Amino acid sequence: MLELEVIPEHGLTSEAIEFLLGMHFSTAVASVQGHVGHIKGVEISYCDRDPLAYDLTIKLSQDGIKLVFDSISQRLKVIEVYDLSMVRLKYGDLLFNCPDVSPTIEQIDQSFGATRPGVYDEEKRRFTLTFRGLAFEFPAETKFQPSYGGSRRELGRLQFPPGESPSVSHMAIYSGNSLAECTAPLPPLSRLPTLTCRGVDILRSGERTTGVAVTLEPNMGEIARSSYPSRSVHSDHMKRPIRFGDSVQDVMSAVGAPSRIFYKSEDKMKIHSPNAHRKSASLKSDYFYNYFTMGMDILFDAKNNKVKKFILHTNFPGHYNFNMYHRCEFSLELAGAARSRSQAQLTEAPVHVSPFTKWETIAEKLKPSERPVVLNRASSTNTTNPFGSTFCYGYQDIIFEVMPNGHIASVSLYLPPGLSPCQEGEDSLLPL
């Protein structure tokens, strides 16, 4: 049985594991995976048809805990304890819920101190005691008749028969004063200095992509904040461009070292290239710089060690790569397709694409390739993919990977055939 400390408006913590408001979904999953011997029952829920309409949840079924994540930011918004008999809880050094201590109203009052009168729900026969960032629900039996003080829905004096004081049936930790209006806070401050990606602008010149501009927010971290208390925790945002043809040194100077380097062993899209069967002059393999927390991959050419492709991930649940990346908050603006009416040429308004834009909206305004390429992802050790295939649509030098529900899974930006990233700058894109 887990023993956790309740910290209002912050989270549940212990020496071994912690669930903090604002933490990313992937961080919570990693914490659960690191304690697989203690946490055994885990259920992840989401809406397959409309993943943005409903929150993500992680339910620890054998510990009575449910973690609710905002569907947009994918950060922890609410921590619920729905079965207090499965977990030991304390506030400070005082246990208020364990097999020997029942979380009655008197016990909650003794542990957390005075608060405003509880709000009574006549229809559901329950009342709620709230503190800032913390709420307790108690069941009210039908024989219980509350006496109201002030507002009709607020309990004044609570009177129960001896030994029949109700115990907490549900506890919630959140940020702010209201559980119904709470939002996911910013991520917990890291102890060490970090760079947080706040957005990626896709750079275009005419009908060609030239690169991306990454907006970064430097974070001093707890250690630097304690050493220099007068300085601001967050610095001004920095915008760092990365273009096709940039070297490895250019990329690392702009956005730092990658989370991982991955060397390509195969290319499932290579068969669609006109030079697919031409023998390579070099046995070197192209390689990716994986930036998981930025939701971005950068592919380097093995021959010249220059940037040749960008992949931006949306991290939607129901995709094969879900939980591997954070969501990349990219922004792409494409010129609308021109159409002729009588003798006049009319041009549609620019099309703005974000991680939340559905494919049908894009396809209505642009003229992508009509027949998509079907992509079925699988690993070398497990060839089954429970999420099914995705569809890849090409438009100019962009590939949109689309899920069956119409949401974009990833956006790939590549050099058109016949161009090679052999030199730096705009003059780098020379014909092969």
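Scroll up to find the structure.
Cut-off values and rules
- Residues numbered from 1 in each chain as written.
- Predicted model: local features only at pLDDT ≥ 70, side-chain atom pairs only at ≥ 80, totals over all residues.
- Heavy atoms only, no water.
- Helix = DSSP H or I, 4+ residues; strand = E, 2+ residues; numbered from the N terminus.
- Contact = heavy atoms within 4.5 Å.
- Areas by Shrake-Rupley, 256 points an atom, 1.4 Å probe, with all protein chains shown as cover.
- Buried < 20%, exposed > 50% of the residue type's maximum accessible area, 1.4 Å probe, protein only.
- Pairing = 2+ DSSP bridges.
- Axes fitted to C-alpha atoms, helices over the stretch in contact; angles between N-to-C directions.
- Phe/Tyr/Trp six-rings, centres within 6.5 Å; stacked < 30°, edge-to-face > 60°.
- Arc of directions from axis to C-beta.
- Core = buried A, V, L, I, M, F, W, Y, C linked by side-chain atoms within 4.5 Å.

(A) Fine view of the overall build of the chain. Each helix and strand counted, the chain has five helices and 32 strands in total. Partitioning the intrachain contacts of the chain with sequence separation of at least 6 by distance along the chain shows that 54% fall at a separation of at least 24. When the accessible surface of the chain is totalled, it reaches about 23,300 Å², and 49% of it is carbon and sulfur.

(B) Broad picture of the pairing of strand E12 (residues 134-139). In terms of residue burial, E12 counts as a mostly covered element, since five of its six residues are buried. When strand E11 (residues 126-131) meets E12, the two strands line up antiparallel, connected through six bridges. Along E12, the bridge assignment pairs Leu-129 with Phe-136. Where E11 folds back onto E12 in an antiparallel hairpin, the turn is made up of two residues, including Gly-133, whose phi is positive at roughly 75 degrees.

(C) Examining the sheet that holds strand E23 (residues 330-334) more closely. A sheet is described by the order of its strands in space; here five strands give the open sequence E18-E17-E16-E23-E26, paired in mixed fashion. Among the strands making up the open sheet, the edge pair consists of strand E18 (238-243) and strand E26 (351-353). Each strand of the sheet is rotated relative to its neighbour by a mean of 20 degrees, with strand direction disregarded. With respect to the sheet, helix H4 (residues 248-255) is in contact with strand E16 (194-205), strand E17 (208-219) and E18, its orientation differing from that of E18 by roughly 165 degrees.

(D) Geometry of the side chain of Thr-104. Within the element layout of this structure, Thr-104 appears in the loop between strand E9 (94-97) and helix H2 (105-112). Thr-104 sits in the buried class, given a relative accessible area of 17%. When near neighbours in sequence (up to four residues on either side) are disregarded, Thr-104 contacts Phe-138, Ser-165, Pro-166 and Ser-167.

(E) Representation of the pairing of E16 in the model. Of the strand pairs in this sheet, E16 and E17 are connected by 11 bridges, and their pairing is antiparallel. Paired with Val-200 across the bridge in E17 is Val-214. Connecting the antiparallel pair E16 and E17 is a turn made up of two residues, with Gly-206 showing a positive phi of about 70 degrees. In this structure, E16 lies alongside E23, joined through two bridges in parallel fashion. By the bridge assignment, Asp-201 is partnered in E23 with Ser-331.

(F) Structural view of the packing of aromatic side chains. Using the criterion set out here, one finds 17 aromatic pairs in the structure. Where Tyr-263 meets Tyr-287, the ring centres are 5.7 Å apart and the plane angle is 45 degrees; that geometry is what we call tilted. Here Tyr-263 is found in strand E19 (residues 260-263), whereas its partner Tyr-287 is found in strand E20 (residues 287-291), with 24 residues between them in sequence. Aromatic pair Tyr-287 and Tyr-289: ring centres 6.2 Å apart, planes at 50 degrees, arrangement tilted.

(G) Region of the structure containing the side chain of Thr-128. Checked against the element boundaries, Thr-128 lands in strand E11. With sequence-adjacent residues up to four places away left out, Thr-128 is seen in contact with Gly-118, Val-119, Ala-135, Phe-136 and Glu-137.

(H) Quick peek at the environment of Val-248. The residue Val-248 is located in helix H4 in this model. Residue Val-248 is classed as buried on the basis of its relative accessible area of 13%. In this structure, the C-alpha to C-alpha distance between Val-248 and Ile-298, residues 50 residues apart in sequence, is 9.9 Å. Setting aside anything within four residues of it in sequence, one finds Val-248 in contact with Tyr-287, Tyr-289, Phe-300 and Asn-305.

(I) Spatial organisation of the sheet that holds strand E2 (residues 11-13). If you walk across this open sheet you meet the five strands as E3-E2-E1-E8-E9, and the pairing is mixed. Each edge of the sheet is formed by a strand with only one pairing partner; in this case those strands are strand E3 (18-20) and E9. Sheet twist, expressed as the average angle between the axes of neighbouring strands with direction ignored, equals 35 degrees. Summarising the sheet, strand E8 (residues 88-91) and E9 pair through three bridges and their orientation is antiparallel. Bridging from a neighbouring strand, Lys-90 pairs with Leu-95 of E9.

(J) Layout of H2. Turning to H2, its buried residues are Ile-105, Gln-107, Ile-108, Ser-111 and Phe-112. The buried residues of H2 occupy one face: seen down the axis, they fall within an arc of 160 degrees. Buried-residue contacts for H2 involve E8, E9, E11 and E12.

(K) Main features of the nonpolar core. With 41 residues, the main nonpolar core has Leu-12, Leu-89, Phe-136 and Met-171 as its most contacted residues. Broken down by element, this core gets its largest block of residues, four residues, from helix H1 (residues 25-33). Those residues in contact with Leu-12, other than ones at most four positions away along the chain, are Leu-4, Glu-5, Val-6, Ile-17, Glu-18, Phe-19, Ile-65, Ile-79, Val-81, Leu-89, Met-171 and Ile-173. Within the second largest apolar cluster, 40 residues are counted, among which are Cys-197, Ala-254, Phe-300 and Tyr-395.

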